[in-house]
Amino acid sequence: MRESQLGDLTVSALGLGCMGMSQSYGVRADDAESIATLHAALDAGCTFIDTADVYGDGANEELVGRALAGRRDEVVLATKFGFKRASADSAVPTVVDGSPAYAREALDASLRRLGVDHVDLWYLHRRDPAVPIEETVGAMASMVEAGKVRYLGLSEVNGDTVRAAHAVHPITAVQSEWSLWTRDPETVVLPTLRELGVGFVPFSPLGRGFLTGQIKSEADFPEDDMRRGLPRFQGENFQRNLDLVAQVQALAAAKGVTPGQLALAWLLAQGNDVAPIPGTKRRTYLAENLGALDVVLSESELAELDEAFPPDAVAGQRYTDSGMGLVGK
């Protein structure tokens with residue numbers, strides 16, 4: 001397995017995002033297959049495992065904990081905190097809480113669910129605008145001092161926030177969406193990260209499945225699939241984005257790889273400080289994703305992909321207006 005360097009933390013060059021095992025992409029959860037997928041990832045050397053306390057309202061951390069029982073030492077384990085429900089009967093996590101008290105409470109709850117005494121990488125899932133980032137990171141740093149966390153990360157933040165946080169305690173990684181489908185980080189935050197020596201962890205590196213070429217219409221989504229509510233997957237935006245993906249499909253066919261492998265190979269070629277975490281709950285797709293590690297792209301092929309999928313080419317926002325209000329802060 002190739003490796004990537006996130007600050008001082010060494011991880012497998014490709015990780016595994018676990019959110020979809022417990023929520024968001026429809027179809028009833030299959031814990032047995034999800035655990036088998038996690039085990040297959042570890043067996044293949046894909047040992048950078050990503051979860052969060054909000055995924056499945058804690059169920060995902062419990063699932064990951066069961067899968068890693070007896071294999072904790074093989075894994076670089078990452079989780080996140082910050083989202084919480086406005087009330088007990090709230091259907092979705094509508095509140096962001098970055099207060100020091102909640103940070104400590106959330107971490108202890110994550111450790112219990114995961115069945116571990118520490119996590120390797122602990123992210124603030126979204127910045128809380130009501131709490132100075134220095135206070136939140138100060139509380140997170142105290143958890144490093146307590147031995148409950150090894151490294152700290154942030155998610156969906158801007159360069160100024162990274163600088164302010166990094167001045168309190170070294171930030172090891174920033175996690176945000178990055179792919180041919182979402183290229184904002186290249187100008188918004190990545191230059192700052194590289195100046196500070198902070199790694200980048202792209203989530204949704206396959207464009208929430210769009211870059212695999214397997215999504216042809218909105219009817220391909222189950223009724224409870226979150227993508228039905230995202231602007232990029234609706235109406236005219238959907239068709240315009242299908243036309244873009246067709247170009248990636250053509251380039252992949254010429255290369256003799258799948259579109260998803262080509263998209264992941266493009267990200268892997270962006271630097272040794274990048275570690276994508278494609279999510280899947282099935283061993284078949286895990287094997288396909290891992291195949292991207294063997295795909296070598298020439299400078300001309302990278303240029304072709306840049307031309308086929310230039311920044312700002314994708315139609316529609318990543319999230320609804322309310323969701324976009326929480327990113328880039």
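Here, the structure is the one placed above.
Quick summary incoming for the structure in this document. Owing to the predicted nature of the structure, the values given are computational and were not obtained by experimental measurement. (Residues numbered from 1 in each chain as written. Predicted model: local features only at pLDDT ≥ 70, side-chain atom pairs only at ≥ 80, totals over all residues. Heavy atoms only, no water.)

1. A closer look at the pairing of strand β11 (residues 199–203)
For β11, the tally of buried residues reaches 5 of 5 residues, placing the bulk of the element in the interior. Judged by which residues are buried, β11 turns out to be covered on both faces: Gly199, Val201 and Phe203 on one side and Phe200 and Pro202 on the other are all buried. (Buried < 20%, exposed > 50% of the residue type's maximum accessible area, 1.4 Å probe, protein only. Helix = DSSP H or I, 4+ residues; strand = E, 2+ residues; numbered from the N terminus.)

2. Remarks on empty space enclosed by the protein
Under the defined criterion, the tally for this structure stands at 1 cavity of 30 Å³ or more. In this model, the largest cavity occupies a volume close to 30 Å³. Around the largest cavity, the lining residues are Glu177, Trp181, Arg208, Leu230, Arg232, Phe233, Gln317 and Arg318. Across the lining of the largest cavity, the residue classes break down as 3 nonpolar, 1 polar and 4 charged. (1 Å grid on protein atoms, 1.4 Å probe; cavity = no way out; pocket = protein on both sides within 12 Å on 5 of 7 lines; lining within 4 Å. Points joined across faces, edges and corners; volume = space filled by probe spheres on them. Nonpolar A, V, L, I, M, F, W, Y, C, P; charged D, E, K, R; others polar.)

3. Topic: the environment of Leu326
Structurally, Leu326 is set in the segment after α12 (321–324). In this structure the C-alpha to C-alpha distance between Leu326 and His125, which are 201 residues apart in sequence, comes to 9.9 Å. Discounting residues that sit within four places of it in the chain, Leu326 has contacts with Phe83, Val96, Arg126 and Glu156. (Contact = heavy atoms within 4.5 Å.)

4. Quick notes on the sheet that holds strand β10 (residues 171–177)
Pairing is parallel in the open sheet, where 7 strands are placed in the order β3-β4-β5-β8-β9-β10-β11. Looking along the sheet, the strands with just one partner apiece sit at the ends: β3 (16–17) and β11. Here helix α4 (residues 133–145) sits on the sheet in contact with β5 (76–81), β8 (119–124), β9 (149–155) and β10, set at roughly 155° to β9. (Pairing = 2+ DSSP bridges. Axes fitted to C-alpha atoms, helices over the stretch in contact; angles between N-to-C directions.)

5. Observations concerning the environment of Lys255
Within the element layout of this structure, Lys255 appears in helix α8 (residues 235–255). A relative accessible area of 31% means that Lys255 is categorised as partly exposed. The spatial distance from the C-alpha of Lys255 to the C-alpha of Ser298 is 11 Å, given a sequence separation of 43 residues. Among all residues touching Lys255, those that are not within four sequence positions of it are Val295, Val296, Leu297 and Glu301.

6. A few points about the packing of aromatic side chains
How two aromatic rings sit relative to each other is set out by the distance from centre to centre and by the angle between their planes. If you walk through the whole model with that rule in mind, you get 8 aromatic pairs. Between Phe81 and Tyr102 the ring centres are 6.5 Å apart and the planes differ by 50°, which places this aromatic pair in the tilted class. Separated by 21 residues along the polypeptide, Phe81 in strand β5 and Tyr102 in helix α3 (residues 100–114) bring together distant segments of the chain. Accessibility classification places Phe81 together with Tyr102 in one group, the buried group. Both rings, one in Trp178 and one in Trp266, keep their centres 6.1 Å apart while their planes meet at 75°; by these two values the pair is edge-to-face. Of this pair, Trp178 sits in the loop between β10 and α6 (185–188) while Trp266 sits in helix α9 (residues 259–268), and the two are 88 residues apart along the sequence. Each member of the pair, Trp178 as well as Trp266, is classed as buried. Above the ring of Tyr102, the side-chain terminus of Lys84 is found at 4.7 Å from the ring centroid. (Phe/Tyr/Trp six-rings, centres within 6.5 Å; stacked < 30°, edge-to-face > 60°. Lys NZ or Arg CZ within 6 Å of the ring centre and 35° of its normal.)

7. What about the nonpolar core?
Leu16, Phe48, Ile49, Leu77, Val119, Trp122 and Leu154 are the most contacted members of the largest nonpolar core, which has 98 residues in total. In terms of residue count, α9 provides more of this core than any other element does, 7 residues in total. Other than its neighbours up to four places away in sequence, Leu154 contacts Tyr123, Leu124, Ile133, Val137, Thr161, Val162, Ala165, Ile171, Ala173, Val174 and Gln175. Of all hydrophobic cores here, the second largest spans 6 residues; its members include Met19, Ala52, Val54 and Val96. (Core = buried A, V, L, I, M, F, W, Y, C linked by side-chain atoms within 4.5 Å.)

8. Points about the pattern of salt bridges
Scanning all chains against the criterion turns up 16 salt bridges. Here Glu177 makes a salt bridge to Arg208, at a shortest N to O gap of 4.0 Å. Placement of Glu177 in strand β10 and of Arg208 in the loop between β11 and α8 is noted, with a sequence separation of 31 residues between them. Here Glu177 falls in the buried class, since its relative accessible area comes to 2%. A salt bridge links Arg183 to Asp306; the shortest N-O distance between them is 3.2 Å. In this pair, Arg183 sits in the loop between β10 and α6 while Asp306 sits in helix α11 (residues 299–308), placing the two residues 123 residues apart along the sequence. A relative accessible area of 10% means that Arg183 is categorised as buried. Among the residues examined, Asp306 registers a relative accessible area of 31% and is labelled partly exposed. (Salt bridge = Lys/Arg side-chain N within 4 Å of Asp/Glu carboxyl O.)

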